[in-house]
Amino acid sequence: MSAKIIDGEAVATRIREEIKAAVEEMNATHGMRPGLATVIVGDDPASAQYVRMKRNRSKKVGIESFGHELPAQSTQEEVEGLVRRLGDDPKVHGILVQLPLPDHLDEEAVLNTIPLSKDVDGFHPVNIGRLAMKGRKPLFIPCTPAGVITLLEEAGAEFDGAEAVVLGRSNIVGMPAAMLLIHRNATVTVCHSRTKDLPGVCRKADILVAAVGRAKMVKADWVKPGAFVIDVGSNRIDDPSTDKGYRWVGDVDFEEVKEVAGAISPSPGGVGPMTIAGLLLNTLRAAQMTLKS
Ligand code: GUN
């Protein structure tokens, strides 16, 4: 039987419409719009494309977008100085520093300069620390892992007591996704490059989250029949049959795995749109919090 396809674009569209309505109401009632500042250091084309999409989507829901581009050779002081100025700017409610930063920069120190109340990406060390602990609430949750959980909820996954396997231990996806699954009472295994018998570990999963950055790595015989599979991967592969000569695929071999899984989010069209919707939602919340304080 073919799996239920989890349509991330449809879920994200619904969330964006709700955000747009809330932004319009904020503007009508308080004469104010949420503002999101993006900071990109260097000229990595993939990062530039992600930030462009984030800025475009912000504008479409009525969020003000303030773009900042710094050269790759910027110093630690220059990057931190910009983030501090944005932290003091009342029109900016959320600050996103696109990662990774160039190697010579201290990423943790840069993220530490973002005020907690503007940390809409959820990567400030304090927010991540709270996420890693029981009973401590982060102010904001990282957008991609939050999108993973929302899609699993949409698909009707049971978390309590489920065996969850996360492929990949990145700070941006794998680690925080594992923590969110633990908070929902799943039993979580995090796999990485040293894991022995990856297919065997994955086959035990009721919930499988793939975030390793390896095109079509997860095959049908890695997946437990009926499992919920979320594909976070986004890999460019050569394809001479397309106009551009390439196309995007996930970490999961979608065509194979959809015949075994109970539900599967495709890539593209799954988690990707959810990441941006989560960022917009966090920015709206950050702006709403300034009205309450
Ligand atoms: N690089 C890849 N994904 C992300 C993300 O969600 N936020 C930031 N800041 N950088 C990223």
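Everything below is about the structure shown above.
Numbering of residues begins from 1 in every chain and follows the order in which that chain's sequence is written. Side-chain atom pairs in this predicted model are given and counted only at pLDDT of 80 or more, local residue features only at pLDDT of at least 70, and totals for whole chains, interfaces and linings cover all residues. Derived side-chain values reflect all non-hydrogen atoms in the structure, with water molecules and hydrogen atoms excluded from consideration.

Things to note about the packing of helix α1 (residues 8-30) against helix α10 (residues 271-292)
Phase 1 of the analysis: The axes used here are C-alpha line fits, helices contributing only the stretch in contact, and every angle between their N-to-C directions lies in the interval 0 to 180 degrees. To qualify as a helix, a DSSP run of H or I must reach at least 4 residues; to qualify as a strand, a run of E must reach at least 2; elements of each kind are numbered from the N terminus. At a minimum axis distance of 9 Å, the contact between α1 and α10 shows a crossing angle of 20 degrees. Between α1 and α10, the angle is such that the two are roughly parallel. Helix-helix and strand crossings are classified by hand; for α1 and α10 the assignment is left-handed. For the pair formed by α1 and α10, the contact residues are Gly-8, Glu-9, Val-11, Ala-12, Ile-15, Arg-16, Ile-19, Ala-22, Val-23, Met-26 and His-30 on the first element and Pro-273, Met-274, Ala-277, Leu-280, Leu-281, Leu-284, Ala-287, Gln-288 and Leu-291 on the second. By definition in this entry, angles of less than 35 degrees are roughly parallel, angles greater than 145 are roughly antiparallel, angles of 65 to 115 are roughly perpendicular, and the rest are oblique. Should the near helix be turned counterclockwise from the far one by less than a right angle, the crossing is left-handed, whereas a clockwise turn marks it as right-handed. Only heavy atoms enter the contact rule, under which two residues are in contact if any of them lie within 4.5 Å.

Details of the pattern of salt bridges
Phase 1 of the analysis: Salt bridges, as used here, are contacts in which a Lys or Arg side-chain nitrogen is within 4 Å of a carboxyl oxygen on Asp or Glu. Applying the stated criterion across every chain yields a total of 11 salt bridges.
Phase 2 of the analysis: One salt bridge in this structure joins Glu-255 and Lys-258, with 3.3 Å as the shortest N-O distance.
Phase 3 of the analysis: Looking at Glu-255, the relative accessible area reads 53%, which means it is exposed. Categorising residues by exposure relies on relative accessible area from a 1.4 Å probe, with only protein chains included: less than 20% of the type maximum marks a residue as buried, more than 50% marks it as exposed, and the intermediate range marks it as partly exposed.

A short note on the site of the ligand
Phase 1 of the analysis: Surveying the vicinity of the ligand reveals the residues Lys-54, Val-97, Gln-98, Leu-99, Asp-121, Phe-123 and Ile-172.
Phase 2 of the analysis: Leu-99 has a polar backbone atom sitting 2.8 Å from a nitrogen atom of the ligand.
Phase 3 of the analysis: One of the side-chain nitrogen or oxygen atoms of Asp-121 is found 2.4 Å away from a nitrogen atom of the ligand.
Phase 4 of the analysis: In isolation the ligand exposes 280 Å². Once the protein is present, 86% of that is buried.
Phase 5 of the analysis: Under the scheme applied, nonpolar residues are Ala, Val, Leu, Ile, Met, Phe, Trp, Tyr, Cys and Pro; charged residues are Asp, Glu, Lys and Arg; polar residues are all the others, including Gly. Residue classes in the shell around the ligand are distributed as 4 nonpolar, 1 polar and 2 charged. The rule for a residue being near a molecule or strand is that one of its heavy atoms must lie within 4 Å of it. Two N or O atoms form a polar contact when they lie within 3.5 Å of each other; inside protein one atom must be a possible hydrogen donor and the other a possible acceptor, and for residues adjacent in sequence the pair counts only when both atoms belong to side chains. Accessible surface area values rest on a Shrake-Rupley calculation with a 1.4 Å probe, where residue burial reflects the displayed protein chains alone.

Let's talk about helix α2 (residues 45-60)
Phase 1 of the analysis: Multiplying 1.5 Å by the helix residue count minus one yields the expected span of that helix. Taking 1.5 Å as the rise per residue, α2 with 16 residues should run 22 Å; its terminal C-alpha atoms sit 23 Å apart, in good agreement.
Phase 2 of the analysis: Buried residues of α2: Ser-47, Val-51, Lys-54 and Ser-58, and no others. The buried residues of α2 occupy one face: seen down the axis, they fall within an arc of 60 degrees. Of the exposed residues in α2, the ones pointing more than 90 degrees away from its buried face are Pro-45 and Lys-60.
Phase 3 of the analysis: Among the structural elements, β2 (35-41), β3 (64-70), β4 (94-97) and α10 are those in contact with the buried residues of α2. The arc refers to the directions leading from the helix axis to the C-beta atoms.

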